[in-house]
Amino acid sequence: MRFLHNDDLGKLLLRLCVGGLILLHGIAKLLDPASLNGIAQQLAEAGIPSFVAYGVLIGEIVAPLMALVGWQARIGGLLMAINMVVALVLFHTPQLWTLNGQGGWALELQGMFLFGALAITFLGSGRMAVRPD
């Protein structure tokens, strides 16, 4: 069972999972300008300049790519985590203490993204990366 003791493979799998899934959300926003405009409008209603919406592209495209290839993965993880905290605070606060129809946390996907990104921040890329840290 020694083959199960491979921290670098575990870090790679975590980076591929979290980075890949968040990247898909970023690509969807990039391909659908209406969703980015909707985010900008919600930010403006909250008193935040609407151009801040473009920060979503950093948190959902640039940062996941950093994590996927393992280049500055800790910074990429931190950027993804910040992106998720902003999303939770600005858009998902009413769901924070609610359950979905199956009894799970209504924000389980967002929570998995947040804590997975934090794990990447603390663990780094491992040896299976473009630039191991």
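**Student:** What am I meant to see in the pattern of salt bridges here?
**Tutor:** A side chain of one charge can pair with a side chain of the opposite charge if their charged atoms are brought near each other. Within this structure, the stated rule accounts for 2 salt bridges. When the shortest N-O distance is used, the salt bridge between R127 and D8 registers 2.6 Å. Taken as a pair, R127 in the segment after α5 (108-123) and D8 in helix α1 (residues 7-31) lie far apart in primary sequence, 119 residues in all. R127 sits in the exposed class, given a relative accessible area of 65%. Residue classification places D8 among the buried residues on the basis of a relative accessible area of 14%. Residues E60 and K29 are paired through a salt bridge, measuring 3.0 Å at the closest nitrogen-oxygen approach. Within this pair, whereas E60 is found in helix α3 (residues 55-69), its partner K29 is found in helix α1, the two being separated by 31 residues in sequence. The class for E60 is buried, based on a relative accessible area of 8%.

**Student:** What exactly am I supposed to notice about the environment of L123 here?
**Tutor:** On the secondary structure map, L123 appears in helix α5. What L123 contacts, discounting residues up to four positions off in sequence, is K11, L14 and R74.

**Student:** So what exactly am I meant to see when it comes to the environment of N100 here?
**Tutor:** Of note, N100 is situated in the loop between α4 (73-91) and α5. By relative accessible area, N100 is classed as partly exposed at 25%. N100 has contacts with W105, A106 and E108, leaving out every residue within four places of it along the chain.

Procedures and definitions
Residues numbered from 1 in each chain as written. Predicted model: local features only at pLDDT ≥ 70, side-chain atom pairs only at ≥ 80, totals over all residues. Heavy atoms only, no water. Salt bridge = Lys/Arg side-chain N within 4 Å of Asp/Glu carboxyl O. Helix = DSSP H or I, 4+ residues; strand = E, 2+ residues; numbered from the N terminus. Buried < 20%, exposed > 50% of the residue type's maximum accessible area, 1.4 Å probe, protein only. Contact = heavy atoms within 4.5 Å.

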